[in-house]
Amino acid sequence: MPSLLEVLSHNFFFGTNFIGPHMNMIVYLKFINNKLFLEENSGVPTGSLVAAGHAFLQGMLCVAVRMLLGPYFSTPFLLSENFQNLLLPLRILYLMAWTIVSTVMYVIAWKFTEAACCITGLSYNGTDEKNNALWNGCQQVNIIGLYTSGSAFVGIEMFNTATHLFVKRYIFKRFAFLGNKMLSLAASVVFLTVWHGLRFGYVWFFILGEIPMMVLETQLFTVLRNATGIDSVTSLPPGKRIPIRLLGMVYTFFFYAYGFSGFGILDAQKFFKVLKSIYAYGHVIFTVWLLVYFFIIPSRLKRQPAVKKQ
């Protein structure tokens, strides 16, 4: 049982207090008692400063992107009459670009805190197969995975990773008794909503935006997999893989921007102004998809692949 001082130290540690990552108490206790490294090594592993510098440079690159593009893709313009006067396709494209620029703010903060955790040594995460020290224990975001995944599921997993790992361990798996992954996912999403706060924007993003997006993707990818016989894009030749990957990136931010709009604005009155201007395209597509999925697509294309037993 940790002492009160250790609990306060864990809660207010400068590398994780401001914006995360969530740090496991057991790992933190090993760190402050100088046992994090010595269990696997004869001394303190090297490479933390290099890892910190790498994370810091990524953060600075994101700062440059934010400074250059922020004035052109801003929330005030999103709420302005000039945005309302754009054609619908241009409004959606602007919303997608605004989402990318807005998420960069979180990436900046997480990369700087990751660098701080690397310097202290808290981010030590064991060794790889070549016995090289891993310093990704406090990594909150995978930049390449976030912006190039081609899947809403994967993109979300690349963003705020420590928090999602916590929710997966302590919320998602605790609802396994329901026997339905989507119900466990719904419980996890509700928890995340309450955790962030009860502003309408959070409710929209996590419940009204994220759940329909994941249901649609699960059903769509199952149908495509059964119709084409292709399990993964990586199995395709480069000539086909690259355009499909690019299409997947557009698809991901097309729907992610729709959900994130609430997270980025929060205020219900301002958000509904934006939602009206884009004609709630996400839920319109989701509704049409459900009608097509349940009444037109044949049952053989809806079958989930059998789980192979070890």
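To be clear, the structure that these remarks concern was listed above.
Remember, it's a predicted structure, so these values are computed and weren't measured experimentally.

**Q** An account of the overall build of the protein chain is requested, with residue identities and associated values reported.
**A** A tally of helices and strands in the protein chain yields 14 helices and zero strands. Helices (α) and strands (β) of the protein chain occur, in sequence order from the N terminus, as α-α-α-α-α-α-α-α-α-α-α-α-α-α. The C-alpha radius of gyration of the protein chain comes to 22 Å, within 12% of the 19 Å expected for a compact globule of 310 residues. Counting only C-alpha atoms and orienting by the principal axes, one finds that the protein chain spans roughly 60 × 55 × 45 Å. Burial statistics for the protein chain: of 310 residues in total, 40% are counted as buried. Nonlocal contacts in the protein chain, meaning residues at least 24 apart in sequence, comprise 68% of its contacts between residues at least 6 apart. Roughly 17,700 Å² of accessible area belongs to the protein chain as shown, and the carbon and sulfur atoms make up 67% of that amount.

**Q** Tell me about the packing of helix 11 (residues 200-228) against helix 14 (residues 281-295), and name the residues and values.
**A** Two numbers describe how helix 11 lies on helix 14: the axes approach to 11 Å, and their chain directions differ by 35 degrees. When you trace helix 11 past helix 14, the crossing you get is left-handed. Residues Trp204, Leu208, Pro212, Val215, Leu216, Gln219, Leu220 and Val223 of helix 11 touch helix 14, and the partners they reach there are His283, Ile285, Phe286, Trp289, Leu290, Tyr293 and Phe294. Counted by class, the contact of helix 11 with helix 14 contains 13 nonpolar, two polar and no charged residues.

**Q** Which residues make up helix 11, and what values do they have?
**A** Think of an α-helix as turning once every 3.6 residues; residues three or four places apart then point the same way. For helix 11, which comprises 29 residues, the first-to-last C-alpha distance of 40 Å matches the rise-based estimate of 42 Å (1.5 Å per residue) to within 8%. Along helix 11, the sharpest kink reaches roughly 40 degrees, centred on Glu210 and followed within four residues by the proline Pro212. Immediately downstream of helix 11, the backbone of Gly229 shows phi near 75 degrees, a positive value.

**Q** Tell me about a positive patch on the surface, residues and numbers included.
**A** A cluster of basic side chains, namely Lys168, Arg169, Lys173 and Lys181, defines a positive patch on the protein surface. Mapped onto the elements of the fold, Lys168 is located in helix 9 (residues 161-172).

**Q** Explain the layout of surface pockets to me, using residue names and the numbers behind them.
**A** Of the voids in this model, the second largest pocket is the one considered here, and its volume is about 670 Å³. Of all the elements in the fold, those that place two or more residues in the lining of the second largest pocket are helix 11 and helix 12 (238-265).

**Q** How would you sum up the nonpolar core? Please name residues and give values.
**A** In this structure, Leu78 and Tyr256 are the most contacted members of the largest nonpolar core, which totals 55 residues. When sequence neighbours within four positions are dropped, the list of residues in contact with Tyr256 reads Thr99, Thr103, Ile156, Phe159, Phe205 and Met213. One finds Phe13, Met23, Phe37 and Trp135 within the second-largest nonpolar core, a separate group that totals 16 residues.

**Q** Before we move on, could you go through the pattern of salt bridges and cite the residues and values that matter?
**A** Within the structure shown, the criterion is met by one salt bridge. When the shortest N-O distance is used, the salt bridge between Glu114 and Lys111 registers 3.1 Å. With Glu114 and Lys111 both in helix 6 (residues 88-120), this residue pair falls three residues apart, about one helical turn.

**Q** Break down the side chain of Lys302 for me, citing the residues and quoting the values.
**A** Relative to the assigned elements, Lys302 resides in the segment after helix 14. A distance of 3.4 Å separates a polar side-chain atom of Lys302 from the backbone oxygen of Ile297. If we skip the residues at most four places from it in the chain, Lys302 touches Thr222, Asn226, Tyr293, Phe294 and Ile297.

**Q** Got a sec to walk through the packing of aromatic side chains? Specific residues and values, please.
**A** Inspection of every chain in the model, using the stated rule, returns 43 aromatic pairs. Consider the rings of Phe191 and Trp195, whose centres lie 5.5 Å apart with planes at 55 degrees: the pair is tilted. Note that Phe191 and Trp195 are positioned in helix 10 (residues 181-196) at a spacing of four residues, about one turn of the helix. Taking relative accessible area as the criterion, Phe191 reaches 28% and is therefore assigned partly exposed. With a relative accessible area of 40%, Trp195 lands in the partly exposed category. Feature note: the residues Trp98, Tyr106, Trp110, Tyr147, Phe159, Tyr202, Phe205, Phe206, Phe253, Tyr256, Phe260 and Phe263 constitute an aromatic cluster, connected by ring pairs. Sitting over the ring of Tyr293, Lys302 keeps its end group 4.8 Å from the ring centre.

**Q** Which residues make up helix 3 (residues 48-69), and what are the values?
**A** An ideal rise of 1.5 Å per residue puts 32 Å on 22 residues; helix 3 measures up with 32 Å between its terminal C-alpha atoms. Listing the buried residues of helix 3 in full gives Ser48, Ala51, Ala52, Ala55, Gly59 and Cys62. Buried residues along helix 3 cover an arc of 100 degrees about the axis, so they all sit on one side. Structural note: helix 3 exposes Leu49, Val50, His54, Leu57, Leu61, Met67 and Leu68 on the side pointing more than 90 degrees away from its buried face. Tucked into the core, helix 3 has its buried residues touching helix 6 and helix 7 (143-148).

Conventions and cut-offs
Residues numbered from 1 in each chain as written. Predicted model: local features only at pLDDT ≥ 70, side-chain atom pairs only at ≥ 80, totals over all residues. Heavy atoms only, no water. Helix = DSSP H or I, 4+ residues; strand = E, 2+ residues; numbered from the N terminus. Rg over C-alpha atoms; globule rule 2.2 N^0.38 Å. Buried < 20%, exposed > 50% of the residue type's maximum accessible area, 1.4 Å probe, protein only. Contact = heavy atoms within 4.5 Å. Areas by Shrake-Rupley, 256 points an atom, 1.4 Å probe, with all protein chains shown as cover. Axes fitted to C-alpha atoms, helices over the stretch in contact; angles between N-to-C directions. Left-handed = near helix turned anticlockwise from the far one by under 90°. Nonpolar A, V, L, I, M, F, W, Y, C, P; charged D, E, K, R; others polar. Expected span 1.5 Å × (residues − 1). Bend = angle between axes of the 7 residues up to and from the residue. Patch = residues over 30% accessible without salt bridge, like charges linked within 9 Å, V, L, I, M, F, W, Y side chains within 5 Å. Salt bridge = Lys/Arg side-chain N within 4 Å of Asp/Glu carboxyl O. Lys, Arg positive; Asp, Glu negative; His and termini not counted. Charge placed at Lys NZ, Arg CZ, Asp CG, Glu CD. 1 Å grid on protein atoms, 1.4 Å probe; cavity = no way out; pocket = protein on both sides within 12 Å on 5 of 7 lines; lining within 4 Å. Points joined across faces, edges and corners; volume = space filled by probe spheres on them. Core = buried A, V, L, I, M, F, W, Y, C linked by side-chain atoms within 4.5 Å. Polar contact = N/O pair within 3.5 Å; in protein donor to acceptor, adjacent residues only side chain to side chain. Phe/Tyr/Trp six-rings, centres within 6.5 Å; stacked < 30°, edge-to-face > 60°. Lys NZ or Arg CZ within 6 Å of the ring centre and 35° of its normal. Arc of directions from axis to C-beta.

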